[in-house]
Amino acid sequence: MTRIIQITDIHLTVPPTKVSGQLNTFALFEQAIDKIEQDLPLFGDVDAVIATGDITDYGDEESYQLFKTQIERLNLPYLVIPGNHDSRDAMLTSFPQLAGGTEHGELNWVETFSAFDVIGLDSIIPNQGGGALSDSTLQFLKRALASNPNKPALIALHHPPFESGIHFMDNIGLKGADTLSELLNHTSREVRVICGHLHNSIVCSLGNTTVLSSPAVASSFMTDHRPNAPAGFTKKPGGYMLHEWINGFRSSYLSLSTNGDLYPF
Ligand SMILES: [Fe+2]
């Protein structure tokens, strides 16, 4: 059994700075860690937590230190990949375990667990909202997939390789999703792809592979597919995901609002 918790889009800032003048993301993250800590006994042993990008809002080292003070309360190993709000340099300084990725500066890595490998991919284009999978990152993925052809793989990248229907986010989507799809269609491994970026929970097919985006810690984006939908966020409580292997991948959505009372049948 392997169990991985996914959190995403925390957008940490150093208090009293608020994201968009509205969100005290440090307080939201503290509350999220409290909620995950409360939920943990319900899951069985959890192997690690992965944060799938936009860990900070400004990519500053102080915010990464705040991240560490909170995530370490869970007493679990943790993994990180960058999002468009993050900084590769500040992440390398803050998380020395990231050193040794590809030689092209991207923060790509593989972590091995008993039931599946987790492959972290760096999809950012520095100083841009949209993302891309560079040739070197695709080569890294190809090698990683070939290295253990029979083991399932959970692939994590910040930008989702699908159209969400949320237009202001699709405008800063991922370039190169077709190449990823082709690569995954040719692997012998069972793969699930997990992403952040959309502040919304969406499940899609990418060729033969199931891809999903996790809700965010910081805020929520509306499911509003109208072409003229306003760009913005709501303060609706976000969520997180639990990814496990039970003769196949199982991904469960967990809310970050309180569970409330349990009423017996
Ligand atoms: Fe985000």
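Refer to the structure above for everything that follows.
What counts and how
Residues numbered from 1 in each chain as written. Predicted model: local features only at pLDDT ≥ 70, side-chain atom pairs only at ≥ 80, totals over all residues. Heavy atoms only, no water. Core = buried A, V, L, I, M, F, W, Y, C linked by side-chain atoms within 4.5 Å. Buried < 20%, exposed > 50% of the residue type's maximum accessible area, 1.4 Å probe, protein only. Helix = DSSP H or I, 4+ residues; strand = E, 2+ residues; numbered from the N terminus. Contact = heavy atoms within 4.5 Å. 1 Å grid on protein atoms, 1.4 Å probe; cavity = no way out; pocket = protein on both sides within 12 Å on 5 of 7 lines; lining within 4 Å. Points joined across faces, edges and corners; volume = space filled by probe spheres on them. Nonpolar A, V, L, I, M, F, W, Y, C, P; charged D, E, K, R; others polar.

**Q** Just checking my understanding: could you explain the nonpolar core for this structure?
**A** Note that soluble globular proteins tend to have their nonpolar side chains buried in a common cluster. Counting residues in each nonpolar core, the largest one holds 49 residues, and the members touching the most others are Ile5, Ile7, Phe29, Phe67, Ile71, Val80 and Val118. When residues in this core are grouped by element, the largest group, 5 residues, is from helix α1 (residues 25-39). Sequence-distant contacts of isoleucine 7, that is, excluding residues within four places in its chain, are made with Phe29, Ile36, Val49, Ile50, Ala51, Thr52, Phe67, Ile71, Val217 and Tyr240.

**Q** Sorry if this is basic, but what is going on with the layout of surface pockets here?
**A** The method is simple in principle: a probe with the dimensions of a water molecule rolls over the atoms, and the space it marks as empty is what remains. Size it by volume and the largest pocket reaches roughly 290 Å³. Along the walls of the largest pocket sit 21 residues, with His11, His85, His199, Phe221 and Phe233 positioned nearest its centre. Classifying every residue of the lining of the largest pocket by side-chain character gives 9 nonpolar, 9 polar and 3 charged. Estimated volume of the second largest pocket: approximately 210 Å³. For the second largest pocket, the lining is made up of 16 residues, of which Leu28, Gln31, Pro237, Leu256 and Ser257 are closest to its centre. Grouping the amino acids of the lining of the second largest pocket by side-chain chemistry returns 6 nonpolar, 6 polar and 4 charged.

The values reported here are purely geometric and, on their own, carry no functional implication.
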